[in-house]
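# Structural overview
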Protein chains: 2
Amino acid sequence: MKELQERILREGKNLGNGILKVDGFVNHQVDPMLMDACGKEFAKRFAALGATKVLTAEISGIAPAVSTALHLGLPVVYARKHKPITMPDQVLLTLAPSHTKGRTVELIVSPEFLGGGEKVLIIDDFLASGQTILGLVRLTEAAGSKVIGIGALIEKTFEGGREALKPMGVPIESLARICAMEDDKITFCD
Amino acid sequence: MKELQERILREGKNLGNGILKVDGFVNHQVDPMLMDACGKEFAKRFAALGATKVLTAEISGIAPAVSTALHLGLPVVYARKHKPITMPDQVLLTLAPSHTKGRTVELIVSPEFLGGGEKVLIIDDFLASGQTILGLVRLTEAAGSKVIGIGALIEKTFEGGREALKPMGVPIESLARICAMEDDKITFCD
């Protein structure tokens, strides 16, 4: 998506170690107009799949997932990283290593809001190693539901996430695919 | 706002100790259509104030704040509770006691995205004791900016937040004002 790519070129910063800082419009400050446009684009790309629920992980996945869900007219569930007191004792929980956090995080979903028989569209901010998204896939399958599509705002193709997810055989869409980050140069695949 | 009040009556659960569970449409599963309607309502109520930025706290404030910011055409910043590696060493940080978490949490904003001279509209999911919002006010003032309005989806008037914020002399708007929660009965003020 041209609008997102241009914004990354203008404001994104390569911090080294494969970390792309997009705090000015995705991860700390959010540009709601850009998120709305991204959500609309995801909704268009996944419209034909008949999703019944959007799933993401807190925190940075929330804005693009809510926007996508709005354009699809669906509820969205965000997996929590800490179990809040409002959640029942019995939950779905999986562990996912986080590269940017340098540790393993918990991903927790309440069975109240992710049950069986759902067709789940996963939306997240980044597709890098794919570990967070694989965690969301495990939660979906543990709930007795099926992932029908995966969307990420920004993909770093050199971290292998797409290859890790490919065996699932579902459409994987990213709106900005980065093939290389060297010093101050960010190179998109297309 | 009638739509939100009806949803609270239908799906909200009083867990005791003043804790209202709205995990089905605000805090874990989000109803994006309802959030959009709430954002539109906040935008209408605060339109005349000339805000330049929306500020909220992760995690549950993000959805209503992004939606409000979209309808106002403004960027939104969400205060982080843990400093991510993408944030500079020098940050704005304050502490706020969290009733639902039973401990004090950090609220962190990067000076890159909250500087001086901004007219800040604070949006959050709950106005209860007002402690989180007061933390966001301190961050705004430390940045050299001014809070010009405060909005919350749900206010629990019996926890004193409005009284704590009143001395600031800015408009405080909530879309559902709860005056009492007794067993299964939730009573709105209006």
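The structure under discussion appears in the preceding block.
So, here's what we can say about the structure. (Residues numbered from 1 in each chain as written. Chains lettered and ligands numbered in written order. Predicted model: local features only at pLDDT ≥ 70, side-chain atom pairs only at ≥ 80, totals over all residues. Heavy atoms only, no water.)

### What about the environment of Asp23 of chain A?
As for its position among the elements, Asp23 of chain A is in helix H2 (residues 23-27). Non-local contacts of Asp23 of chain A, meaning those with residues more than four positions away in its chain, are made with His28 and Gln29 of chain A together with Thr86, Met87 and Phe113 of chain B. (Helix = DSSP H or I, 4+ residues; strand = E, 2+ residues; numbered from the N terminus. Contact = heavy atoms within 4.5 Å.)

### Regarding the relation of the copies chain A and chain B
Note on the copies: chain A fits chain B at an RMSD of 0.0 Å, the axial shift is 0.0 Å, and the rotation between them is 180°. On the angle and the small slide along the axis, the relation comes out as a two-fold axis. (Least-squares fit on C-alpha atoms with pLDDT ≥ 70 in both.)

### Focus on the pairing of strand E7 (residues 103-109) of chain A
Residue and element names in this part refer to chain A. As judged from the seven bridges shared by strand E6 (residues 92-98) and E7, these two strands associate in the antiparallel manner. Residue pairing in the sheet places Leu95 in a bridge with Glu106 of E7. If you look at the hairpin formed by E6 and E7, you'll find four residues sitting between the two strands, and Gly102 has a positive phi there, around 70°. (Pairing = 2+ DSSP bridges.)

### Notes on the environment of Gly24 of chain B
Inspection of the secondary structure assignment puts Gly24 of chain B in helix H2 (residues 23-27). Other than its neighbours up to four places away in sequence, Gly24 of chain B contacts Phe113 of chain A together with Arg7, Glu11 and Gln29 of chain B.

### Looking at unusual backbone geometry
Working note: non-glycine residues mostly have negative phi, and peptide bonds are mostly trans. Residue and element names in this part refer to chain A. Omega for the bond connecting Glu58 with Ile59 falls within 30 degrees of zero, at 10°, which places this linkage in the cis form. In this structure, Ile59 sits in the loop between strand E4 (53-57) and helix H4 (62-72). For Asp183, which is not glycine, the phi dihedral falls at a positive 50°. Here Asp183 shows up in the loop between strand E10 (172-182) and strand E11 (185-188).

### Remarks on helix H1 (residues 2-11) of chain B
Residue and element names in this part refer to chain B. Of the positions making up H1, those classed as buried are Leu4, Gln5, Arg7 and Ile8. Burial along H1 is one-sided: seen end-on, the buried residues are contained in an arc of 160°. Set apart from the buried face of H1 by more than 90 degrees, the exposed residues are Lys2, Leu9 and Arg10. Here the buried face of H1 lies against strand E2 (20-21), H2, helix H3 (32-46), strand E9 (146-156), strand E10 (172-182) and strand E11 (185-188). (Buried < 20%, exposed > 50% of the residue type's maximum accessible area, 1.4 Å probe, protein only. Arc of directions from axis to C-beta.)

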